[in-house]
Amino acid sequence: MIRRFLAFFFFTAILWSLPVSAQTFETDEDLLKWVKSLKYETNLVPLSNKDGKLIANIQVPKGYKYLNPKDSKIVLENVWGNPPSDPGLGILFIASETPLDLGSYAITIDYVDEGHVDDEDSKEIKYDELLSELKEASKEESEQRKKDGYSGLELVGWASAPYYDSAAKKLHWAKEYKFEGTETNTLNYNIRILGRSGYLLLNVLGDITVLKRVEGDVGRILKSVEFSEGNRYADYDSKIDSLAAYGIGGLIAGGLLKKAGLFAVIGGFLLKGAKLLIPAAIGLFYAVRRFVFGKGKPEDTASGPGDKET
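Note that this is a predicted model, so its numbers are computed, not measured.

Notes on the nonpolar core
- Residues Leu 187, Tyr 189, Leu 200 and Leu 202 are the most contacted members of the largest nonpolar core, which totals 33 residues.
- In terms of residues, this core owes the most to one element, helix α5 (residues 211-224), which gives 5 residues.
- If we skip the residues at most four places from it in the chain, Leu 202 touches Ile 107, Thr 108, Ile 109, Tyr 189, Asn 190, Ile 191, Arg 192, Ile 193, Ile 221 and Val 225.

Section: the UniProt feature "coiled-coil region" (unreviewed entry) in the protein
- Here the UniProt feature "coiled-coil region" (unreviewed entry) sits at residues 120-147.
- For the annotated span residues 120-147, helix accounts for 75% and strand for 0% of the residues, and the straight-line distance between the end C-alpha atoms is 40 Å.

Overview of α5
- The terminal C-alpha atoms of α5, which comprises 14 residues, lie 19 Å apart, in line with the 20 Å expected from a rise of 1.5 Å per residue.
- Roughly 45 degrees is the biggest bend found in α5, and it falls at Asp 217.
- Buried within α5 we find Leu 211, Val 214, Asp 217, Val 218, Ile 221, Leu 222 and Ser 224.

Here we look at the pairing of strand β5 (residues 106-112)
- Along β5, 7 of the 7 residues are buried, which leaves the element largely enclosed by surrounding structure.
- Burial along β5 is two-sided: the residues Ala 106, Thr 108, Asp 110 and Val 112 and Ile 107, Ile 109 and Tyr 111 are all buried.
- Inspection of the sheet shows strand β4 (residues 90-94) paired to β5 by 4 bridges, in the antiparallel sense. The residue bridging Gly 90 from the neighbouring strand is Ile 109, located in β5.
- Both β5 and strand β9 (residues 199-207) contribute to a ladder of 7 bridges, which runs antiparallel. Bridge assignment links Val 112 to a residue of β9, and that residue is Tyr 199.

Digging into the pattern of salt bridges
- For the coordinates displayed, the defined rule picks out 11 salt bridges.
- Among the salt bridges present, the one from Arg 220 reaches Asp 217, with a minimum N-O distance of 2.7 Å. In this pair, Arg 220 and Asp 217 both sit in helix α5, 3 residues apart, roughly one turn of the helix.
- What makes Arg 220 partly exposed here is its relative accessible area of 36%.
- You can call Asp 217 buried: its relative accessible area is 11%.

A word on the sheet that holds β5
- Pairing is antiparallel in the open sheet, where 7 strands are placed in the order β3-β4-β5-β9-β8-β7-β6. Two strands bound the open sheet, and with one partner strand each, they are β3 (64-67) and β6 (153-165). Shown here is a sheet whose adjacent strand axes are inclined to one another by a mean of 20 degrees, direction ignored.
- Alignment of strand β8 (residues 186-194) against β9, held across 9 bridges, turns out to be antiparallel. By the bridge assignment, Arg 192 is partnered in β9 with Leu 201.
- Docked against the sheet, helix α3 (residues 69-79) engages β3 and β4, running at close to 90 degrees with respect to β3.
- Across the sheet, α5 touches β3, β4, β5, β6, β7 (170-179), β8 and β9, and the angle it forms with β8 is around 10 degrees.

Examining helix α2 (residues 28-37)
- Among the residues of α2, those classed as buried are Leu 31, Trp 34 and Val 35. The buried residues of α2 occupy an angular sector of 100 degrees when projected down its axis, which confines them to one face. Within α2, the exposed residues directed more than 90 degrees away from the buried face are Glu 29, Lys 33 and Lys 36.
- Residues of α2 that are buried sit in contact with α3.

Considering the packing of aromatic side chains
- Taken as a whole, this structure holds 4 aromatic pairs when the rule is applied.
- Ring plane angle 70 degrees and centroid distance 6.2 Å describe the contact between Tyr 111 and Phe 227, whose orientation is recorded as edge-to-face. In this pair, Tyr 111 sits in strand β5 while Phe 227 sits in strand β10 (residues 225-227), placing the two residues 116 residues apart along the sequence.
- A relative accessible area of 15% means that Tyr 111 is categorised as buried.
- Ring plane angle 45 degrees and centroid distance 6.2 Å describe the contact between Tyr 177 and Phe 179, whose orientation is recorded as tilted. This pair shows no difference in class: Tyr 177 is buried, exactly as Phe 179 is.

Cut-off values and rules
- Residues numbered from 1 in each chain as written.
- Predicted model: local features only at pLDDT ≥ 70, side-chain atom pairs only at ≥ 80, totals over all residues.
- Heavy atoms only, no water.
- Core = buried A, V, L, I, M, F, W, Y, C linked by side-chain atoms within 4.5 Å.
- Buried < 20%, exposed > 50% of the residue type's maximum accessible area, 1.4 Å probe, protein only.
- Helix = DSSP H or I, 4+ residues; strand = E, 2+ residues; numbered from the N terminus.
- Contact = heavy atoms within 4.5 Å.
- UniProt positions renumbered as here; feature names shortened; annotations may be inferred.
- Expected span 1.5 Å × (residues − 1).
- Bend = angle between axes of the 7 residues up to and from the residue.
- Pairing = 2+ DSSP bridges.
- Salt bridge = Lys/Arg side-chain N within 4 Å of Asp/Glu carboxyl O.
- Axes fitted to C-alpha atoms, helices over the stretch in contact; angles between N-to-C directions.
- Arc of directions from axis to C-beta.
- Phe/Tyr/Trp six-rings, centres within 6.5 Å; stacked < 30°, edge-to-face > 60°.

Here it is in structure tokens:
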């Protein structure tokens, strides 16, 4: 179940445009040998974008270990069985665990360069109302999944209510999902750290049983990651930098999904019974539009958060 859960999460939450990894394992012994050879990092680690430019640094929190993007890609594709996957900026593992004995959770790290996220709306968001809109959207998504032959889902509620630190420019929240046919609910814990022209995206992969541990560690995790000089939120220059099409509400509502056109693609790859951590309903963005683009604009026809012309 853990492997299927991880495979689906990465497939839907991360772009999969890279070529297949050349690393293959002909036997279980080959796989075990490779896993044992992994070189984790536990100190200060620079995080660079795909062009090699330094974006941020992470001081790996105590009790964790960091795996670089190259090896993370092999874990995603050849150990966990994902399609060709973008490894982002790497993965944080619990210090005592490996990709083969993932007993609790792992944390993916990525950077989204979609413009400077204006946080002014954070002062006005009514999270109870936003949750109600998300629940309604998840009901519609559940019905569609059933029609398509997949398991239904229910957004139970906030596992951890959204909290935005306006001084540190760091946001975190968690949702709890229940999937038909599963005994244990799914945890969707999200961390966002805002920068000059985008944000760092950390996602916790696990089920609801790890919530207390994550909540106990989230403070250390948040403190461990900082943008580098020139990439900080305060470095934003309105004369040369672009703004994101969404604010804090948009991040919570679903800023990960890039384009409405992606939804049709996702549906074609879902495994029956797979867990959907980010509701992929086109109607989601219209249902929560006022939280994304501001109140008093119901007539707007703007696309959802993250949508851009290509």
